[in-house]
Amino acid sequence: MNNPAPLAELWRNGILESVHYGHAVICDGTGQITEAWGDPDAIIYPRSSAKMIQALPLMESGAADAVGLGTEQLALACASHQGQSQHTDRVAAWLDTIGLGERDLRCGVQPPSDTETRHRLRDSGKTACQLHNNCSGKHTGFLTLNRHLGGHSEYIDPTHPAQTACKDAFEEVTQMESPGYGIDGCSAPNFATSVLGLARAMASFATAHQRSDTRSKAQARLRNAMFKHPELVAGTGRACTELMSAVTAPVTIKTGAEAVFVAMLPDQGLGIALKIMDGGTRGSECAIAALLARLGVLDPNHPLAQVRLNKIQKNWRGIDAAVIQPAKGLLA
């Protein structure tokens, strides 16, 4: 990965202390770069930022409509949720609808990311289960697709028809052959692409309403469901949820592990993809907020924008000690 650019910085008393380097691309609906920082051809794992791509076979196969999935389930299929009851209750109900249960998931047990939910579980003497895994909605989408396809139970196998369908969709919307895959935190294969490829995919989702083919209709439904239910896509206090609540236009935003962020801007027909090379979430949240403000869809003075664009670090006595800000020139 050549020549990453500075995207976010930490300043302490007027001295630059740390820099988050990375790659970012803004792409239009024709697949052309409108702006870029770093190396657009840098190969990355999109991690959970690709969940709406992984949900395309669920839609295109007819599996989603066959069981009557609504916008809440579609949002959860693309979610990296907090494990709150608003997430787990809905996933459990969805599994019940398709005649399956928590035991059929293959995402693994993950304690809830939400602190209050985690403490409530502990105090009640209960333990976390696979429903609390941030990817349980995506995996329930895989199970719904697999039920439709009639495949075997190990739907996370890279050679399983559900995953080969995901790979095909992934390569088509990124407009490039994937150089390979890694195993994600939830055990599903995660296909690599370039930052440009990921931005092209997001631009394809952003402009989906301008087309009428099966894939475009699926893309528009997934994108719109995510924007309609930002609280299901992530949860309380999370950047995806809060930024989608703060934007001045219908922008759909999604993060991925190791500091990946994407956004779909349907009014402008643009897609954004970025990756912070050190994997630091504070850097990726700052950078995506800056790019949204740069494109005029996020008021930089909005309180939910300010906590990313000028994130104050306090010391143990509660004194403001440092600030994380976008790198020079990124915001405007």
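Residues numbered from 1 in each chain as written. Predicted model: local features only at pLDDT ≥ 70, side-chain atom pairs only at ≥ 80, totals over all residues. Heavy atoms only, no water.

S.K.: Looking at this structure, how should I read the overall build of the protein?
M.R.: Tallying secondary structure elements over the protein gives 14 helices and 12 strands in all. Relative to the compact-globule value of 20 Å for 332 residues, the protein shows a C-alpha radius of gyration of 19 Å, a close match. Across its three principal axes, the protein shows a C-alpha extent of roughly 60 × 50 × 35 Å. Within the span of the protein, comprising 332 residues, buried residues form 56% of the whole. Nonlocal contacts in the protein, meaning residues at least 24 apart in sequence, comprise 62% of its contacts between residues at least 6 apart. (Helix = DSSP H or I, 4+ residues; strand = E, 2+ residues; numbered from the N terminus. Rg over C-alpha atoms; globule rule 2.2 N^0.38 Å. Buried < 20%, exposed > 50% of the residue type's maximum accessible area, 1.4 Å probe, protein only. Contact = heavy atoms within 4.5 Å.)

S.K.: It is not clear to me how the environment of Leu-145 should be interpreted in this structure. Could you clarify?
M.R.: Position of Leu-145 among the secondary structure elements: in helix α7 (residues 136-149). Overall, Leu-145 belongs to the buried group, its relative accessible area being 2%. Taking the C-alpha atoms as reference points, Leu-145 and Gln-84, separated by 61 residues in sequence, lie 25 Å from one another.

S.K.: Help me understand the layout of surface pockets, please; the structure alone is not making it clear to me.
M.R.: Any space left empty among the atoms is revealed by the rolling of a water-sized probe across them. There is about 430 Å³ of room inside the largest pocket. In terms of lining, the largest pocket is formed by 27 residues, of which the most central are Ser-80, Arg-238, Thr-255, Gly-256 and Ala-257. When residues of the lining of the largest pocket are traced back to their parent elements, those giving at least two are α12 (239-246), β8 (252-256) and α13 (281-294). Sort the elements by how many residues they give to the lining of the largest pocket and α13 lands first, with three residues. Considered class by class, the residues forming the lining of the largest pocket number seven nonpolar, 14 polar and six charged. (1 Å grid on protein atoms, 1.4 Å probe; cavity = no way out; pocket = protein on both sides within 12 Å on 5 of 7 lines; lining within 4 Å. Points joined across faces, edges and corners; volume = space filled by probe spheres on them. Nonpolar A, V, L, I, M, F, W, Y, C, P; charged D, E, K, R; others polar.)

S.K.: Looking at this model, I keep getting lost on the pairing of strand β9 (residues 260-265). Mind explaining?
M.R.: Side chains on a regular strand alternate between the two faces of the sheet. For β9, the buried fraction is high: six of the six residues fall into the buried class. Both faces of β9 are covered, namely the face carrying Val-260, Val-262 and Met-264 and the face carrying Phe-261, Ala-263 and Leu-265. The pairing of β8 with β9 spans five bridges and is classified as antiparallel. Bridged to Lys-254 within β9 is Val-262. Between β8 and β9, which follow one another and run antiparallel, lie three residues, and Glu-258 among them has a positive phi close to 60°. As paired strands, β9 and strand β10 (residues 270-276) are joined by six bridges and run antiparallel to one another. Note on β10: the bridge partner recorded for Val-260 is Lys-275. (Pairing = 2+ DSSP bridges.)

S.K.: I'm lost on the packing of helix α9 (residues 195-206) against helix α10 (residues 214-228) in this one. Help?
M.R.: For any two helices packed against each other, the geometry is given by the interaxial angle and the distance between the axes. Between α9 and α10, the shortest axis-to-axis distance is 8 Å and the interhelical angle comes to 90°. The angle between α9 and α10 places the two elements in the roughly perpendicular class. Of the residues in α10, those in contact with Ser-204, Phe-205 and Ala-206 of α9 are Gln-219, Leu-222 and Arg-223. Class assignment for the residues of the contact of α9 with α10 results in three nonpolar, two polar and one charged. (Axes fitted to C-alpha atoms, helices over the stretch in contact; angles between N-to-C directions. Parallel < 35°, antiparallel > 145°, perpendicular 65-115°, else oblique.)

S.K.: Hey, could you run me through empty space enclosed by the protein in this one?
M.R.: Overall, the coordinates contain two cavities of 30 Å³ or more when judged by the stated rule. Of the volumes computed, that of the largest cavity is approximately 50 Å³. If you go around the largest cavity, the residues you meet are Ala-50, Gln-54, Cys-166, Phe-170, Pro-189, Asn-190 and Phe-191. Elements represented by at least two residues in the lining of the largest cavity include exactly α8 (161-174) and β6 (189-191). In terms of residue count, the dominant contributor to the lining of the largest cavity is β6 (three residues). Taken as a whole, the second largest cavity holds about 40 Å³ of empty space. Lining the second largest cavity we find Lys-51, Gln-54, Ala-55, Leu-58, Ala-77, Lys-138, Gly-141 and Phe-142. Of all the secondary structure elements, the ones that give two or more residues to the lining of the second largest cavity are α1 (51-54) and α7. When residues of the lining of the second largest cavity are assigned to their parent elements, the largest contribution, three residues, is made by α7. Grouping the amino acids of the lining of the second largest cavity by side-chain chemistry returns four nonpolar, two polar and two charged.

S.K.: Where do I start with the pattern of salt bridges in this structure?
M.R.: When the charged atoms of two side chains with opposite charge come close together, those side chains can pair. The final tally for this structure, using the stated rule, is 13 salt bridges. Of the charged contacts in the structure, one is a salt bridge between Glu-72 and Arg-90, with a shortest N-O distance of 3.0 Å. Residue Glu-72 is located in helix α4 (residues 71-77), and its partner Arg-90 is located in helix α5 (residues 85-97); the two are separated by 18 residues in the primary sequence. Taking the relative accessible area as the measure of exposure, Glu-72 reaches 29% and is therefore partly exposed. One network of salt bridges, in which partners are shared, links Glu-60, Glu-172 and Arg-215. (Salt bridge = Lys/Arg side-chain N within 4 Å of Asp/Glu carboxyl O.)

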